[in-house]
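Each chain, letter by letter, is given below.
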Amino acid sequence: MTGRPGRTGKGGNQAGAGDLLELVRSGRAVTRGALQQATGLSRATVGQRLDRLFRAGWLREGAGGPVDSPLGGRPSITLEFDDSHAVVLAADLDTRHARAAVLSLTGEILAEHAGTLVVEDGPDAVLGELGRWFAELLTKAGHTGGEVCGIGLAVPGPVDSETGRVVQPPIMPGWDGYDIRGRLSRAFTDHTGAPAVPVLVDNDANLMAYGEQRTGHPDCSAFVLVKVSTGIGAGVVVDGSIYRGVDGGAGDIGHIRVGADALCRCGSYGCLAAVASGGAVARRLAASGVPAASGSDVRDLLAAGHPEAAALAREAGRRVGDVLATVVTLLNPGVLMIAGDLAGTPFLTGVRELLYQRALPRSTARLDVVTSRLGERAALIGAGALVVEHLYAPDRAEERLSEMGV
């Protein structure tokens, strides 16, 4: 947004109500006077635009701000985004379990549920069950289906963001090309009786990265999160936006070949996920007589201090660190976050050993290697934020206001 009179950042058109909402939500202009200065609009026009936002219930007046004039006078009334007018639903699917929540528009989790949900049972059954979870969570949170403005879903596979469909997912049999948006929307309506709402779908590592970057590292312009659970994937956030590649395949580092002869679930040999994921560590433990069938089992063993699990996790970390040396050299991130079932001290130690050994010193000089802050809620918070940013972006906000007749 420039300060040029009567102009917004798009095409030279006058700033609309959606543009004013964005200025308030971002904190760049939170008084009527500041909005006039930022947009070049007249006081009357700003008032008209704000009236639409007030009638929609999207803005409210806050406390008075400081008096800038040395002559004194009345303090300026600040404007605030009113997050009480709607809620968001979000869910995070893993291979054998899922987590779902009701969130406020500012990302506060109002009600949450985690349970067994097996992705191999297929999209129709899994998404239908999520619809039931959502209805129960809304009741628990004291909200109705009619208050929901959108749904965000994280899935463990590559997603075409234009269609919301997964594309050749290695660990989601039966989901390739499936209409996830349509089925989840119908499940929501079937179980709540509420009208259909927008559904956004993205890769779980992408949404974890988005949630972690926005809440803990908002000033980091290049952020990478690596999730190591049943599989391995990475999410990349550049200048505050998820980087997805041309069709959602960016960050799929679990299928980089590392020269091993292990068979991967994608059908190829030698993938990083086949030798360094939580699933791979679980298989090696099971072969030596330790009960483990998944990344979550390895996580439990690591939490209990199991020595063989710790040794294998450190070895897996070295494998991943070797690949991340290339990732860090290519992207030059400020933060590299390790998340997922294996994100503990043994694995992180292994990552650091190889990463700092193989990457160029310049690439790691200003790099922070950290573990997840949001834990198992990261993808939920990222999914909720994605929905809010989509629905209240200037152009979409204008469309919605027109649909509401305000």
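Residues numbered from 1 in each chain as written. Predicted model: local features only at pLDDT ≥ 70, side-chain atom pairs only at ≥ 80, totals over all residues. Heavy atoms only, no water.

Is there a simple way to think about the packing of aromatic side chains in this case?
Describing an aromatic ring pair means giving the distance of the ring centres and the angle of the ring planes. Scanning all chains against the criterion turns up 2 aromatic pairs. Judged by centre distance (5.1 Å) and plane angle (75°), the rings of Trp58 and Tyr392 are edge-to-face. Taken together, the residues Trp58 in the loop between α3 (43–56) and β1 (59–64) and Tyr392 in the loop between α13 (378–391) and α14 (394–404) connect sequence positions 334 residues apart. Each member of the pair, Trp58 as well as Tyr392, carries the same accessibility label: buried. Arranged with centres 5.3 Å apart and planes meeting at 75°, the rings of Phe81 and Tyr392 form a pair that is edge-to-face. Here the residue Phe81 occupies a position in strand β2 (residues 77–81), and Tyr392 occupies one in the loop between α13 and α14, the gap between them amounting to 311 residues. Residue placement shows Arg25 over the ring face of Phe81; its charged tip is 5.2 Å from the ring centre. Sitting above the plane of the Tyr392 ring, Arg400 keeps its charged end 4.7 Å from the centroid. (Phe/Tyr/Trp six-rings, centres within 6.5 Å; stacked < 30°, edge-to-face > 60°. Helix = DSSP H or I, 4+ residues; strand = E, 2+ residues; numbered from the N terminus. Buried < 20%, exposed > 50% of the residue type's maximum accessible area, 1.4 Å probe, protein only. Lys NZ or Arg CZ within 6 Å of the ring centre and 35° of its normal.)

Help me understand the sheet that holds strand β10 (residues 222–228) in this model?
Where strands meet in a sheet, backbone hydrogen bonds hold them as pairs that are either parallel or antiparallel. The strand order β12-β11-β10-β13-β14 describes an open sheet built from 5 strands, whose pairing is mixed. Edge positions in the sheet fall to β12 (241–242) and β14 (368–371), since each has one partner strand and no second. Judged from the 2 bridges that link them, strand β11 (residues 232–238) and β12 form a sheet pairing that is antiparallel. Counted as the bridge partner of Val237 is Ile242 from β12. (Pairing = 2+ DSSP bridges.)

Please clarify how the pattern of salt bridges should be interpreted in this entry.
Should the charged atoms of two oppositely charged side chains come close, the side chains can pair. Summed over the entire model, instances satisfying the criterion amount to 27 salt bridges. A salt bridge links Arg32 to Glu61; its shortest N-O distance comes to 3.1 Å. Of the two residues, Arg32 is situated in helix α2 (residues 32–39) and Glu61 in strand β1; the sequence distance between them amounts to 29 residues. Here Arg32 falls in the partly exposed class, since its relative accessible area comes to 32%. A salt bridge links Arg314 to Glu353; its shortest N-O distance comes to 2.1 Å. Here the residue Arg314 occupies a position in helix α10 (residues 307–331), and Glu353 occupies one in helix α11 (residues 345–358), the gap between them amounting to 39 residues. Overall, the relative accessible area of 25% leaves Glu353 in the partly exposed class. Connected through salt bridges with shared partners, the residues Arg99, Glu112, Arg299, Asp300, Asp341, Glu376 and Arg377 form a single ionic network. (Salt bridge = Lys/Arg side-chain N within 4 Å of Asp/Glu carboxyl O.)

Explain the pairing of strand β13 (residues 335–339) to me, please; I cannot follow it from the model alone.
Along a regular strand, successive side chains alternate from one face of the sheet to the other. For β13, a buried count of 5 out of 5 residues is recorded, marking the element as mostly surrounded by other parts of the structure. Residue alternation in β13 divides its side chains into two sets, Val335, Met337 and Ala339 and Leu336 and Ile338, and both sets are buried. Alignment of β10 against β13, held across 5 bridges, turns out to be parallel. Bridge pairing in β13 places Val224 opposite Leu336. Relative to β14, β13 runs parallel, the two sharing 4 bridges. Residue pairing across strands places Val335 opposite Asp368, the latter belonging to β14.

Help me out: how do you make sense of the nonpolar core in this one?
Generally speaking, a soluble globular protein has its nonpolar side chains buried in company with each other. In terms of nonpolar packing, the biggest core is built from 52 residues, with Leu35, Leu53 and Tyr392 touching the most fellow members. Top contributing element to this core by residue count: α13, with 10 residues. Not counting chain neighbours up to four residues away, the residues in contact with Tyr392 comprise Leu21, Arg25, Trp58, Phe81, His85, Ala86, Leu105, Cys149, Ala397 and Arg400. The next biggest cluster of nonpolar side chains, apart from the first, holds 39 residues, and it includes Ala313, Leu324, Leu348 and Ala359. (Core = buried A, V, L, I, M, F, W, Y, C linked by side-chain atoms within 4.5 Å. Contact = heavy atoms within 4.5 Å.)

I'm lost on α13 in this one. Help?
Each full turn of the α-helix corresponds to 3.6 residues, which orients residues three or four apart in the same direction. Here α13 spans 20 Å end to end across 14 residues, near enough to the 20 Å set by a 1.5 Å rise per residue. Residues of α13 that are buried: Ala378, Ala379, Leu380, Ile381, Gly382, Ala383, Gly384, Ala385, Leu386, Val387, Val388 and Leu391. (Expected span 1.5 Å × (residues − 1).)

Can you walk me through the packing of α3 against α14 in this structure?
Pairs of packed helices are described in terms of their axes, by the angle between the two and the distance that separates them. In contact at an axis separation of 11 Å, α3 and α14 are set at 65° when each is read in the N-to-C sense. Our classification of the angle between α3 and α14 gives roughly perpendicular. For the pair α3 and α14, the sense of crossing is left-handed. Residues Arg52, Leu53 and Ala56 of α3 form the contact with α14, whose own contacting residues are Glu398, Leu401, Ser402 and Met404. Taken together, the residues of the contact of α3 with α14 break down into 4 nonpolar, 1 polar and 2 charged. (Axes fitted to C-alpha atoms, helices over the stretch in contact; angles between N-to-C directions. Parallel < 35°, antiparallel > 145°, perpendicular 65-115°, else oblique. Left-handed = near helix turned anticlockwise from the far one by under 90°. Nonpolar A, V, L, I, M, F, W, Y, C, P; charged D, E, K, R; others polar.)

Before we go on, may I ask you to explain the environment of Phe81 in this structure?
Among the residues examined, Phe81 registers a relative accessible area of 13% and is labelled buried. In contact with Phe81, other than residues within four places in its own chain, are Leu21, Val24, Arg25, Trp58, Leu59, Arg60, Leu105 and Tyr392.

Explain the sheet that holds strand β9 (residues 199–203) here, please?
Read from one edge of the open sheet, 5 strands run β5-β4-β3-β6-β9, paired in mixed fashion. The sheet is open, and its two borders are formed by β5 (109–116) and β9, each paired with just one other strand. Each neighbouring strand pair of the sheet contributes to a mean axis angle of 15°, computed without reference to strand direction. In the sheet, strand β4 (residues 97–104) pairs with β5 via 7 bridges, with the strands oriented antiparallel. From the neighbouring strand, His97 faces β5, where its bridge partner is Thr116. Each of β3 (87–93), β6 (148–155) and β9 touches helix α6 (residues 204–216); the most contacted strand, β9, lies at about 100° to it.

These figures come from the coordinates and say nothing about function on their own.
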